[in-house]
Amino acid sequence: IILTGGLKSLLPHVLRRIIRCNRLSISNTSGMAEGYKQANVVILHESLADDFEKFCHANNGPLPLLYRSKPGDWKCPSLSSDSDIRTDCLQYKIYEHGACTGSLKSLKEYSEQLKDMVTFYLGCSFSFEKVVQNAGIPVRNVEQKCNVSMYKTAVPCYSVSTFRCNLVVTMRPIPESKLEAAVLATSESKEAHGAPIHVGDPDQCFSCLLGIQDLSKPDYGDPVHLHPGDIPVFWACGVTGVEAVINCRAPLAFTHSPGCMFITDLKNDNVTVRSSREVPQVHCISQDPLHYSIVSAEAAQKIKTLETVIGIDPGDRGIIHLHRQDELLKACLSISHARSVLITTGFPTHFAYEPPEENDGPPGALAIAAILQALEKEVAIVTDQRAMNLNKKIIEEAVQLGILKGPVPLLSYQRESADSALMFLCENGNPGRPRFDHLIAIERAGMAADGNYYNARKVNIKHLVDPIDELFLAAQTIPGVTTTGVGDGGNELGMGKVKDAVKKHIKDGDVIACDVEADFTIVAGVSNWGGYAIACTLYILSTCEIHDRYLRKAVGFPPLAKKVIWLSALPSVTKEEKLLKTLVQHGVRSGKTASLEMEVDGLPFYNTHSLVIEKLL
């Protein structure tokens, strides 16, 4: 009898011999032959092999292909020197027409059938466990001496012929302080599923739903208990191949029993020098539910630069004191995960004119809407009832000018009862079925602490403003719905997050400061710039390979062909010139202390405005 504690240090060929002799009573190979790669196994009839290989390449996160055998070949010379796939896994499963009909310790009795069958060896996350431990990160399933937890998800894989199934994932609890180290360590192990595909709560984040209802009830493996401060982290799993076998309903197929891997002779050496494009960063983008996103260091640095560019203060109003670092990045990561986005704008600062709107806000809102359309997200705009006709005309002309690829639904909101906001945001007022995942307010009049709405000159304009703030307040009570406020003076919707700084540093801030918070606050010299920066940031994220893989859950292919469409949707000086002319034709005036005629650093402000857009691009 071999003591299981000594299995960690045994060489793979020794372990395979012990397994072959059926001398182990353990239930899984986690922690065995530390530092060596392990493999999932799928054995299919040769007539299905080409399609299954295509399926693996189309879903290489869960199914990284290490080796494909020839029909009837029981060895895998590139992975091991003396192996026999009929005997060298702890346990096998047999499937007939999609049904599991038994568990086996050996496949020798099926040697005749195996002559027409092909074996696929697929990467396994057990391979990176030692790498994770070497980075000072605990591996809870190894500590608890149990199999890793595996769950079926609601995420569909890319289908090929008869191979179609949902993604299976493993979950490992990781201390919050070690998240980025865990992502970095595993992202190097591409043949062991690479970086995680989800970090945080697995169920209630509606737009990135895994569909896992109860972590204590895995579909495969054992429950792994979280310690206080641990975050559930999910990796793509090779048991996805088992689900594909079940759904293809082949007359006969074999797989390893989940957790009972084939141990190879390959060392898991992945020490490489990487560029900033390949180094992942982890950012928390939601507290309820707890949700993190991943982006490359290179993309994050580009976005930080955008944040600096839009922070120019042309009116010298002191907005630098309102700035919060990385809000642009976190807001756009959240928007990137959203399925449906609601935008609001409109600041009726010219209360004595008709229309009273200013021209800061609508161009930025339409720039955001344009990139969201290009990214194939649902988008709608909510505005004041009195401004519906004006905004309808602006949207129609934006479509004609090629700024928008199609009309954007235009909505209005009125308070009719205590639950009006919830009814507006959710189907039948049910917080479990929100219509929107993210709300964006850009240069939208925000309610002050006294319930009024003020322009920068401390004039109360409440009679011109519908209570759209209530939607942002209600969103705080709906799990999975996040909000962003874009402003340039502190009296805009969402700026409640920085209200103390507004009161201290902005003229008349103690009166005009918005009291309603957004989850993310983007401060810009001109609010339109904030809108343009959001559009550019969403483009950067969409073209970031690390973030794209995280969004796709490592299944399917990168949407490279859509890059041209995304690029064409970005704001430009020409587009802004056309839109500003349209606004002027409808009587919309400039409302900024920094009007188009003033100078900034010796240049006409309009020129500075154009330069900012060019820098963003």
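Quick caveat: nothing in here was measured; it's all calculated off a predicted structure. (Residues numbered from 1 in each chain as written. Predicted model: local features only at pLDDT ≥ 70, side-chain atom pairs only at ≥ 80, totals over all residues. Heavy atoms only, no water.)

Undergrad: Report on the nonpolar core, specifying residues and quantitative values.
TA: Core analysis: the largest hydrophobic core is formed by 83 residues, its most contacted members being Ile343 and Ile534. The dominant element in this core, judged by the number of residues it contributes, is helix α16 (residues 527-542), at 10 residues. When residues no more than four places from it in sequence are discounted, the contact partners of Ile343 are Ala365, Ile368, Ala369, Leu372, Val379, Ala380, Ile381, Val382, Ile440 and Ile442. The next biggest cluster of nonpolar side chains, apart from the first, holds 44 residues, and it includes Phe55, Cys124, Met171 and Val239. (Core = buried A, V, L, I, M, F, W, Y, C linked by side-chain atoms within 4.5 Å. Buried < 20%, exposed > 50% of the residue type's maximum accessible area, 1.4 Å probe, protein only. Helix = DSSP H or I, 4+ residues; strand = E, 2+ residues; numbered from the N terminus. Contact = heavy atoms within 4.5 Å.)

Undergrad: Tell me about the sheet that holds strand β13 (residues 280-287), and please be specific about residues and values.
TA: Pairing is antiparallel in the open sheet, where 7 strands are placed in the order β9-β6-β7-β10-β8-β14-β13. Of all strands in the sheet, those bounded by a partner on one side alone are β9 (220-221) and β13. As defined by bridge partners, strand β6 (residues 149-156) adjoins β9 across 2 bridges and the pair is classed as antiparallel. Among the inter-strand pairings, Met150 is bridged to a residue of β9, identified as Tyr220. Running over the sheet, helix α8 (residues 297-309) touches β13 and β14 (290-296) and is turned about 95 degrees from β14. Contacting β8 (198-200), β13 and β14, helix α17 (residues 545-552) runs over the sheet at an angle of about 145 degrees to β14. (Pairing = 2+ DSSP bridges. Axes fitted to C-alpha atoms, helices over the stretch in contact; angles between N-to-C directions.)

Undergrad: Tell me about the layout of surface pockets, and name the residues and values.
TA: In this structure, the largest pocket occupies an estimated 960 Å³ of space. For the largest pocket, the lining is made up of 37 residues, of which Arg277, Cys544, Glu545, Ile546 and Arg549 are closest to its centre. Secondary-structure elements contributing two or more residues to the lining of the largest pocket are β14, α8, α16, α17 and α18 (563-568). Sorting elements by how many residues they give to the lining of the largest pocket places α17 first, with 6 residues. A breakdown of the residues in the lining of the largest pocket according to their chemical character gives 16 nonpolar, 10 polar and 11 charged. Volume-wise, the second largest pocket comes out at about 620 Å³. Secondary structure elements with two or more residues in the lining of the second largest pocket: α9 (327-337), α16 and α17. When residues in the lining of the second largest pocket are grouped by element, the largest group, 3 residues, is from α17. Per-class residue counts for the lining of the second largest pocket are 9 nonpolar, 4 polar and 7 charged. (1 Å grid on protein atoms, 1.4 Å probe; cavity = no way out; pocket = protein on both sides within 12 Å on 5 of 7 lines; lining within 4 Å. Points joined across faces, edges and corners; volume = space filled by probe spheres on them. Nonpolar A, V, L, I, M, F, W, Y, C, P; charged D, E, K, R; others polar.)

Undergrad: Tell me what's going on with α9, and back it up with residues and numbers.
TA: Among the 11 residues of α9, 10 are classified as buried, and the element is accordingly described as predominantly covered. Burial in α9 covers these residues: Glu327, Leu328, Leu329, Ala331, Cys332, Leu333, Ser334, Ile335, Ser336 and His337.

Undergrad: Explain the packing of α8 against α9 to me, using residue names and the numbers behind them.
TA: Look at α8 against α9: their axes get within 8 Å of each other, and the N-to-C directions meet at 120 degrees. Judged by the inter-axis angle, α8 sits oblique to α9. Residue-level inspection shows Ala300, Ile303, Leu306 and Glu307 of α8 in contact with α9, the latter providing Glu327, Leu328 and Leu329. (Parallel < 35°, antiparallel > 145°, perpendicular 65-115°, else oblique.)

Undergrad: Tell me what's going on with the pairing of strand β10 (residues 230-236), and back it up with residues and numbers.
TA: Consecutive side chains of a regular strand alternate in pointing toward one face of the sheet and then the other. In terms of burial, β10 is largely enclosed, as 7 of its 7 residues are buried. Of the two faces of β10, both are covered, the one formed by Asp230, Pro232, Phe234 and Ala236 as well as the one formed by Ile231, Val233 and Trp235. Here strand β7 (residues 166-175) runs beside β10; their pairing, made up of 7 bridges, is antiparallel. Bridge pairing in β10 places Pro173 opposite Pro232. Two elements, β8 and β10, share 2 bridges in a ladder whose sense is antiparallel. Bridge pairing in β10 places His198 opposite Phe234.

Undergrad: I'd like to hear about the environment of Ala244, residue by residue, with values.
TA: Take Ala244: it is sitting in helix α7 (residues 240-248). Given a relative accessible area of 0%, Ala244 falls into the buried group. Counting along the chain gives 74 residues from Ala244 to Gly318, while the straight-line C-alpha distance between them is 59 Å. Once you skip the residues sitting within four places of it in the chain, Ala244 turns out to touch Phe52, Phe55, Phe163 and Cys165.

Undergrad: Got a sec to walk through the packing of aromatic side chains? Specific residues and values, please.
TA: For the coordinates displayed, the defined rule picks out 11 aromatic pairs. Taken together, a centroid distance of 5.3 Å and an interplanar angle of 45 degrees make the contact between Phe128 and Trp235 tilted. Here Phe128, found in the loop between β5 (117-123) and α4 (129-134), pairs with Trp235, found in strand β10; they are 107 residues apart in sequence, far enough to count as distant. According to the relative accessible area criterion, Phe128 is buried, its value standing at 1%. (Phe/Tyr/Trp six-rings, centres within 6.5 Å; stacked < 30°, edge-to-face > 60°.)

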